[in-house]
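Survey of secondary and tertiary structure
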Amino acid sequence: MAGTGSAISAYPDKPIKLIIAFAPGGTSDTLGRLVATHLSKALKQPVVAENRPGATGTIGTNAVAKAAPDGYTLLMASSSSHYSAYLYPSIPYDLKNDFAPVAGMAVLPLYVVARPDFPANNISELVALAKKKNNTVTYASPGSGGAAHLATELFMKEAGIQMLHVPYKGVAAALADIMGGRVDLIFDSVSTSQQYIATGKLKALGITSAQRAKVVPTVPTVAESGFPGFEATYWMGLWAPAGTSPAMIERINSAVQDFLKSDEMKQRIAEIGGELLPGSPQDFGSYVDRDSKKWIGIIKDLGLKAD
């Protein structure tokens, strides 16, 4: 026991690996690298961000599930990497038992964005068009089971429409095909779509938050566009392998809380229309448990499977 206490008091005494379960360029990658930089300074040890993309986050998630619970491997996860596991027939890890929550970071909305020449200019027109052209309007996603896919499926259920799903292995390829006219639209994070909307390469039809985002006050919510109560947001946060010392987790959580209070993080989250998700590891775990009930229920109700 003395050795264990000594290891905890000296923690960390070597570099920490932060696995990001998605490809470079997306919101998970951006926020993951920001928090890695902050943790490196706060913990006085390098925190090395490593992208492990594939299968909507399940490859990177599995790598952390199988890692030693010694405080030196962390996972930058999101709703996408978490809930996508429920679309695969066999996943070599258990979300409930193989991970320990460390710290929440943010809750973020999605834009509904389309190619510039798409016939619909708002949510009402999109619904009318989709009903007219049943299952021929196409929508992209960065992968089956991710936030974009699930939000679109929920919207289609509420609207009583069908659109054709075109899954990609990352958001960059999906956006490129939309801007190139090969796919019609996507539910995408504000952080990756905003720059293309600003330059006219994409157009925003709506946003999935409960209220309009201050950063884009002219973009109406899906809820106010004929679907009261509609909300589809996704969370981001840090996890560790189950069995990691609570003292180590608290050490990391404390450093993350300081980061969330920083002007840099407040500004970055505000710029992408989100809200900070501060709190203890237990707070984060409880939030995810509550959110899981909604999305896992949708996956089961619709009988969704990985494409």
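Higher on the page you've got the structure.
Residues numbered from 1 in each chain as written. Predicted model: local features only at pLDDT ≥ 70, side-chain atom pairs only at ≥ 80, totals over all residues. Heavy atoms only, no water.

1. Some words on the layout of surface pockets
- Estimates place the volume of the largest pocket at around 630 Å³.
- Phe 22, Pro 142, Gly 143, Gly 170 and Val 171 are the residues nearest the centre of the largest pocket, which is lined by 38 residues in total.
- Of all elements in the fold, only α2 (27-43), α6 (147-159), α7 (171-179), β8 (185-189) and β10 (234-241) reach the threshold of two or more residues within the lining of the largest pocket.
- Residue classes in the lining of the largest pocket are distributed as 19 nonpolar, 15 polar and four charged.
- Reported here for the second largest pocket is a volume of approximately 330 Å³.
- Of all the secondary structure elements, the ones that give two or more residues to the lining of the second largest pocket are β4 (99-108) and α10 (263-271).
- Split into classes, the residues belonging to the lining of the second largest pocket amount to eight nonpolar, five polar and four charged. (1 Å grid on protein atoms, 1.4 Å probe; cavity = no way out; pocket = protein on both sides within 12 Å on 5 of 7 lines; lining within 4 Å. Points joined across faces, edges and corners; volume = space filled by probe spheres on them. Helix = DSSP H or I, 4+ residues; strand = E, 2+ residues; numbered from the N terminus. Nonpolar A, V, L, I, M, F, W, Y, C, P; charged D, E, K, R; others polar.)

2. Let's talk about empty space enclosed by the protein
- On inspection of all chains with the given rule, the structure shows two cavities of 30 Å³ or more.
- As for the largest cavity, its lining consists of Thr 61, Leu 75, Ala 77, Ser 81, His 82, Leu 95, Phe 99 and Trp 239.
- Put simply, the second largest cavity is a space of about 30 Å³.
- For the second largest cavity, the full set of lining residues is Ser 79, Tyr 83, Ala 147, Leu 150, Thr 233 and Trp 295.
- Within the residue set of the lining of the second largest cavity, elements represented by two or more residues are α4 (79-83) and α6.
- Classifying every residue of the lining of the second largest cavity by side-chain character gives four nonpolar, two polar and no charged.

3. So, the sheet that holds strand β1 (residues 16-20)
- The six strands lie next to each other as β2-β1-β3-β10-β4-β11, forming an open sheet whose pairing is mixed. Each having just a single partner strand, β2 (47-51) and β11 (275-276) make up the two edges of the open sheet.
- As judged from the eight bridges shared by β4 and β10, these two strands associate in the antiparallel manner. Residue Pro 101 lies in a different strand from β10, and its bridge partner there is Trp 239.
- Contacts from helix α3 (residues 58-65) reach β1, β3 (73-78), β4 and β10 within the one sheet, and its direction differs from that of β3 by about 150°.
- Against the sheet, helix α9 (residues 246-260) touches β3, β4, β10 and β11, its axis set at about 10° to β4. (Pairing = 2+ DSSP bridges. Contact = heavy atoms within 4.5 Å. Axes fitted to C-alpha atoms, helices over the stretch in contact; angles between N-to-C directions.)

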